[in-house]
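Residue-level listing of the chains:
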Amino acid sequence: DQQVKQNSPSLSVQEGRISILNCDYTNSMFDYFLWYKKYPAEGPTFLISISSIKDKNEDGRFTVFLNKSAKHLSLHIVPSQPGDSAVYFCAASVGGNQFYFGTGTSLTVIP
Amino acid sequence: EAEVAQSPRYKITEKSQAVAFWCDPISGHATLYWYRQILGQGPELLVQFQDESVVDDSQLPKDRFSAERLKGVDSTLKIQPAELGDSAMYLCASSWGSNNEQFFGPGTRLTVL
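Only a predicted model underlies this, so the values are computations on that prediction, with no experimental measurement involved.

Thresholds, definitions, all that
- Residues numbered from 1 in each chain as written.
- Chains lettered and ligands numbered in written order.
- Predicted model: local features only at pLDDT ≥ 70, side-chain atom pairs only at ≥ 80, totals over all residues.
- Heavy atoms only, no water.
- Patch = residues over 30% accessible without salt bridge, like charges linked within 9 Å, V, L, I, M, F, W, Y side chains within 5 Å.
- Areas by Shrake-Rupley, 256 points an atom, 1.4 Å probe, with all protein chains shown as cover.
- Salt bridge = Lys/Arg side-chain N within 4 Å of Asp/Glu carboxyl O.
- Helix = DSSP H or I, 4+ residues; strand = E, 2+ residues; numbered from the N terminus.
- Pairing = 2+ DSSP bridges.
- Axes fitted to C-alpha atoms, helices over the stretch in contact; angles between N-to-C directions.
- Buried < 20%, exposed > 50% of the residue type's maximum accessible area, 1.4 Å probe, protein only.

Caption draft 1: Seen up close, a nonpolar patch on the surface. There is a patch of nonpolar side chains on the surface, built from Ile18(A), Ile20(A) and Val78(A) and spanning about 220 Å² of accessible area. Among the secondary structure elements, Ile18(A) is positioned in the loop between strand S2 (10-14) and strand S3 (19-25).

Caption draft 2: View of the sheet that holds strand S7 (residues 65-68) of chain B. Residue and element names in this part refer to chain B. Taken in spatial order, the four strands line up as S1-S3-S8-S7 in an open sheet, and their pairing is antiparallel. Since the sheet does not close on itself, it has two edges, and those belong to strand S1 (5-7) and S7, each with one partner. Within the sheet, the average angular offset between the axes of one strand and its neighbour, ignoring direction, is 15 degrees. Relative to strand S3 (residues 19-24), S1 runs antiparallel, the two sharing three bridges. By the bridge assignment for S3, alanine 5 is matched with aspartate 24.

Caption draft 3: Seen up close, the pairing of strand S11 (residues 108-112) of chain B. Residues and elements named next belong to chain B. Across the two faces of S11 the burial differs, with Thr108, Leu110 and Val112 buried and Arg109 and Thr111 not buried at all. Relative to S11, strand S2 (residues 10-13) runs parallel, the two sharing four bridges. By the bridge assignment, isoleucine 12 is partnered in S11 with threonine 111. Sheet topology places strand S9 (residues 88-95) next to S11; three bridges connect them, and they run antiparallel. Each bridged residue has a counterpart across the sheet, and for alanine 88 the counterpart in S11 is leucine 110.

So, in structure tokens, the structure goes:
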């Protein structure tokens, strides 16, 4: 049973525009969420995290929004750059244990 | 910059053979994770260590998989015997603590023929 879902397998965005990647979860006990970026032939790289006590966390061009009532989080990248083209995974955990990952969204930023 | 090291990067084996993967986490990281990632899916946690102790191995197929972290530093994941369905990327990650960002290694790509 997939507890973390990324329903869009791919997304294409023009350079300079906003990229919005979505993630839904089913377990209301999840209290820590992370986004990772993965390039081919490399391991995932941590991007940004958010705990359930917040609804927004910002780091440079990356902002993560958490809507607990909807069990939904999103990653906004503004402005999008060609180097952002990668597969993005969201992950969730309860108390930092047993991390569950989504299936990933492949982002392509078109120059 | 400190990195998580994994070896080998690629492994091809025949079914029923034994394979082993090695991971050296970032120095000082108490928590170590082994994940399996099948093509087109997200990483799936196999086992989580806190120092030398197993915190969670509920998703580890214990009839054929084993993992150890004897001195609480580097770790080995073993599969014996390997099956065709074990073909996947095996990722190791480490973190300061369980509720911190995880740093991933480059992974070991296993192909079972």
